[in-house]
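Chain residues, written in single-letter form:
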Amino acid sequence: MAEDVGVATGRLLVRGGEVVDATGSRRADVLVIDGVVEEVGASLATPAGATVLDAEGALVSPGLVDLHTHLRQPGREEAETVESGARAAALGGYTAVVAMPNTEPAIDSAAVARQVLDLGRGAPCEVAVAGAITAGRRGEALAPMAELAHLGVVLFTDDGTGVQDGSLMRRALDYARGLGVTLAQHCEDESLACGGVMHEGAWSSRLGLPGMPSVAEEAMVARDLALVRLTGAPMHFLHLSTAGSIELVRQAKAEGLPVTAEAAPHHFALDHSVVAGYDPVFRVNPPLRTTADVAAVKAGLVDGTIDAVATDHAPHAPETKDAPFDQAPAGMLGLESALAVALTELAGPDGPLSAREVLALFTWRPAAIARLGPNDERRGGHSAHGGPIVPGAAANLCVVDPAVRWEVDPASLASRSRNTPYAGRPLLGRVRHTVLRGEPVVVDSKVQR
Amino acid sequence: MSGTALEAGSIPAPRASIGPHLLSIADLGHDGIAEILRVAEAFAEVERRAIPKVPTLRGRVVATLFFEESTRTRLSFETAAKRLSADVLSFSVSTSSVKKGESLRDTVETVEAMGIDTMIVRHSSAGAPAQVARWAKRSRVINAGDGWHEHPTQALLDCFTVRQVLAERQGRDPGELGTGCFEGLSVLIVGDIRHSRVARSAVLAYNALGARVTLVAPGSLLPPSLEGWPVEVATDLDAAIGRADVVSLLRLQAERGSGSFVPSLREYTAEWGLTNERARLLGPDTIVTHPGPMVRGVEIAADVAELANTVVTRQVTNGVAVRMAVLFLLLGTDPPAAPDEPRKVPAHG
């Protein structure tokens, strides 16, 4: 399992925490030597010269994996770079993110994919890339998926838009099936979304803003499920936001179709009523929807219809967001707050899940979709993420204190952008340390480089 | 004697405060609307003088920031400000640095740095005045129409005009009627509700005053959701029109008749226009309002536009007094703000 990424040399002891992974949970210290877990056990002796990370009262989980990150490089470096986005990711407990291909130019060639992978190599979080399904994400012709697959790219999407042309999407699925890669769709039928800038409903009607109806998402989910049934190719559904979409995917899974799905934190933490003040920080696509949709997203996460929480971290420079609501770009930051938002909404006192179950949505489940787990064959040169914390495992770890109360301060974010929708909102649970291949890249909620 | 200064005591002392901004009719509630109507009556009296000008806002600076074309609303606001002796700065997008790419926020901050007391904002984006109000450190902000959202002063002048007509018929002063004359009044709003800021403000205003509002429109021109709207919906204009005390027509923009919202302007006129035939179904006292500009032959027949109960011209006249009242109530009781001392203005929303 030769990896083309470096590992930290030296010894690290993560002491006093509760270790949680796909196999269960136990009180244990974790000793790391040269980037690899050496020993997991109660009250381990501190080796001479070892760095000690305090995990008292905290959970020690595999490092988080984000299936949906916009790093904006190349093309929009004023909003984010691979480096600044990776720092934000590390602070959020992530040890791997999948960079979305809607850069400028798009990641639709080996050259651009290599550029982003190279930029990620020294970053404080590993950066995998997703490739575009169509050339330039224009929805007209297939992108060179085989060439990208040779670089280890396993997810392909035109995210930002969905592939509108049904027959092109069908051919893309046929082509992808042969390559063993997975297509991921941003489900939005543009003819139905019709230029909407928020969810179409009571609030859009009152506020006088053009809305996009839930059926714009659901129509494409339904079409793509039919295409999966036809082609047999696997598919991943990005940021599902409506009760109807989730029900369609629930039925498809019951039928046995090879589909997975993700949801973004804002779709289970916020609803469309927050747009009432016309603050463009709440403009996002898919839009914030009704309280019934919020409940459906939570239910989908609880019953496994939705496999993973993915941030859809979408930085926009302040000067572009300081515009009238309908002119501001859609998207919100997510990396530095996602786990805390999920713990607050899902694992709080009245929450339906345990903290460990929430961590599953951020670690081993998304790692399997991105094929970054310890049993995945190639991983595109990345180390293993999301696997059990056992001797021999790559030391990609997240230490999170589920009892800490805190608030996001937009001014102190590591991201280059400030468009967080959570400013001033009390959150429960905070990432204390992040360990990347044995290196403590975040210590006491501060990024180390 | 008519004078250049209003005699002491003839401007009513404000009884209710409004503001700090006027972004939506919802900011006013019943009492705020009643107060504006009351004060507007006093200014309507000023307007009837030989020299219709009072010194109330002398030394104050009012800027009209119109990012979208308008004739009557801008003229009406500027006339109102001048009759109150305010200095008026006029900013329009065609001659401004917005054309050079300046953002709304920078424009607002630049204008405010010149010592402006009030910004009157029209914008094609819903919510733009609310954002201007958030960015403004010391100015008051008045929404002069934002996208499909609201046009508060239009609704206020509609209510003012309706009350004036009702008072005349009873031979009384409009002020004596208070807002009781709206209680149970049947108001029919007809046309493109979906894309109408006038309709959104009118629904809120008439409802706050106790009127019963019915919307009449083809389904494709109704808002996608009417959840929480205090209205009834009717599809048959002929059936609804005879029971209405007020028929409020809305302009149908020509591009809406191109086939995607209604099949054609011709069909729209036949089903939802106030044609000569349909006007015969109107009650003898039914008041017909239109915010202008009218598209004669589409939503209103040319002859109907000239009927005695069609009060379009009177609406325009009253617009000045109503806007004087709004400016006075937002500004008249404050000391002028010093540019270096930001006034504490609570954030909206």
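The structure presented is a predicted model; accordingly, all values stated were derived computationally and were not measured. (Residues numbered from 1 in each chain as written. Chains lettered and ligands numbered in written order. Predicted model: local features only at pLDDT ≥ 70, side-chain atom pairs only at ≥ 80, totals over all residues. Heavy atoms only, no water.)

A.B. asks: Help me understand unusual backbone geometry in this model?
C.D. replies: Outside of glycine, negative phi angles account for most residues, and trans bonds account for most peptide bonds. The linkage connecting Gly-19 of chain B with the following residue, Pro-20 of chain B, adopts the cis geometry, with an omega of 15°. With respect to the secondary-structure elements, Pro-20 of chain B resides in the segment before helix H1 (29-47). For the bond running from Gly-292 of chain B to Pro-293 of chain B, omega is -10°, close enough to zero to count as cis. Its location among the elements puts Pro-293 of chain B in the loop between strand S9 (287-289) and helix H11 (302-305). Of note, Ser-43 of chain A is a non-glycine position whose phi angle comes to about 50°, a positive value. The topology assignment puts Ser-43 of chain A in the loop between strand S3 (36-41) and strand S4 (51-54). (Helix = DSSP H or I, 4+ residues; strand = E, 2+ residues; numbered from the N terminus.)

A.B. asks: In this structure, what is going on with the environment of Pro-224 of chain B? I would like to understand it.
C.D. replies: By secondary structure assignment, the location of Pro-224 of chain B is in the loop between strand S6 (212-216) and strand S7 (231-234). Using a relative accessible area of 39% as the deciding quantity, one classes Pro-224 of chain B as partly exposed. Excluding its chain neighbours within four sequence positions, the residues that come into contact with Pro-224 of chain B are Glu-200 and Ser-205 of chain A together with Arg-194 of chain B. (Buried < 20%, exposed > 50% of the residue type's maximum accessible area, 1.4 Å probe, protein only. Contact = heavy atoms within 4.5 Å.)

A.B. asks: For this particular structure, what's the right way to read the side chain of His-272 of chain A?
C.D. replies: Residues and elements named next belong to chain A. Here His-272 is to be found in the loop between helix H9 (266-269) and helix H10 (291-303). Classification of His-272 by relative accessible area gives buried; the value is 8%. When near neighbours in sequence (up to four residues on either side) are disregarded, His-272 contacts Met-198, His-199, Ala-202, Trp-203, Leu-288, Arg-289 and Thr-290.

A.B. asks: Can you help me understand the sheet that holds strand S5 (residues 186-190) of chain B in this one?
C.D. replies: Sheet strands associate in pairs through backbone hydrogen bonding, adopting either a parallel or an antiparallel arrangement. All names here are of chain B. Sheet architecture is open: five strands sit in the order S7-S6-S5-S8-S9, paired in parallel fashion. Edge positions in the sheet fall to S7 and S9, since each has one partner strand and no second. When the angles between neighbouring strand axes are averaged without regard to direction, this sheet yields 25°. Inspection of the sheet shows strand S8 (residues 246-249) paired to S9 by three bridges, in the parallel sense. For Val-247, the partnering residue across the bridge sits in S9 and is Val-288. (Pairing = 2+ DSSP bridges. Axes fitted to C-alpha atoms, helices over the stretch in contact; angles between N-to-C directions.)

A.B. asks: Sorry if this is basic, but what is going on with the sheet that holds strand S7 (residues 94-99) of chain A here?
C.D. replies: Residue and element names in this part refer to chain A. Taken in spatial order, the three strands of this open sheet run S6-S7-S8, and their pairing is parallel. Both outer strands of the open sheet, strand S6 (64-69) and strand S8 (126-129), are each paired with one neighbouring strand and no more. Averaged over all neighbouring strand pairs, the angle between strand axes comes to 20°, with direction disregarded. With four bridges joining them, S7 and S8 adopt parallel strand pairing. Along S8, the bridge assignment pairs Val-98 with Ala-128.

A.B. asks: Sorry, what's going on with the packing of aromatic side chains here?
C.D. replies: Residue and element names in this part refer to chain B. Evaluation of the coordinates by the stated rule reveals three aromatic pairs over all chains. Ring geometry for Phe-43 versus Phe-328: centroids 5.6 Å apart, planes at 75°, classification edge-to-face. With a gap of 285 residues between them, Phe-43 in helix H1 and Phe-328 in helix H12 (residues 312-332) connect regions that are remote in the sequence. A relative accessible area of 1% places Phe-43 in the buried class. (Phe/Tyr/Trp six-rings, centres within 6.5 Å; stacked < 30°, edge-to-face > 60°.)

A.B. asks: What exactly am I supposed to notice about the interface of chain B and chain A here?
C.D. replies: When the parts come together, some accessible area is lost, and that loss is often what is quoted as the size of the interface. Residue-level contacts link 21 residues of chain B with 19 residues of chain A. Interface of chain B and chain A: buried area, both sides summed, is about 1,500 Å²; carbon and sulfur atoms make up 53% of it. If you sort the residues of chain B by the area they bury against chain A, Ala-126, Gln-131 and Trp-148 of chain B come out on top, with a joint share of 25%. Our count for the chain B to chain A interface comes out at one salt bridge. When the shortest N-O distance is used, the salt bridge between Arg-105 of chain B and Asp-322 of chain A registers 2.7 Å. (Buried area = accessible area lost by both parts, 1.4 Å probe. Salt bridge = Lys/Arg side-chain N within 4 Å of Asp/Glu carboxyl O.)

A.B. asks: Even after reading the chapter, I still don't get the domain arrangement of chain A, so can you show me in this structure?
C.D. replies: Residues and elements named next belong to chain A. What the domain assignment lists for chain A is domain 1 (11-59 + 389-447) and domain 2 (63-381). Centre-to-centre separation of domain 1 and domain 2, based on C-alpha positions: 25 Å. Counting the surface lost from both domain 1 and domain 2, the interface buries some 3,300 Å², and carbon and sulfur atoms represent 64% of this. Between domain 1 and domain 2 we count two salt bridges in total. Applying the counting criterion to the domain 1 and domain 2 interface returns 20 residue pairs in polar contact (both at pLDDT 80 or more). Counting residues per element, the ones that place at least two in the side of domain 1 that touches domain 2 are strand S1 (11-21), strand S2 (24-33), strand S16 (397-407), strand S17 (426-436), strand S18 (439-443) and strand S19 (446-447). Looking at the side of domain 1 that touches domain 2 element by element, the count peaks at eight residues for S17. (Domains from an automatic or database assignment. Polar contact = N/O pair within 3.5 Å; in protein donor to acceptor, adjacent residues only side chain to side chain.)

A.B. asks: Sorry, what's going on with the pairing of strand S14 (residues 259-263) of chain A here?
C.D. replies: Residues and elements named next belong to chain A. Burial analysis of S14 places four of its five residues in the buried class, which makes it a mostly covered element. In this sheet, S14 lies alongside strand S13 (residues 235-237) in parallel orientation, the contact comprising three bridges. If you follow Met-235 over to S14, its bridge partner there is Val-259. Read from S13 through helix H8 (residues 243-255) to S14, the crossover connection turns out right-handed. (Right-handed = clockwise from strand over helix to strand, strands pointing away.)

A.B. asks: Help me understand the side chain of Arg-432 of chain A in this model?
C.D. replies: Residues and elements named next belong to chain A. With respect to the helices and strands, Arg-432 occurs in strand S17. For Arg-432, the side chain forms a polar contact with the main-chain oxygen of Glu-56, separated by 3.0 Å. Those residues in contact with Arg-432 that lie beyond four places of it in its chain are Asp-54, Ala-55, Glu-56, Ala-58, Val-399, Val-400, Asp-401, Val-442, Val-443, Asp-444 and Ser-445.

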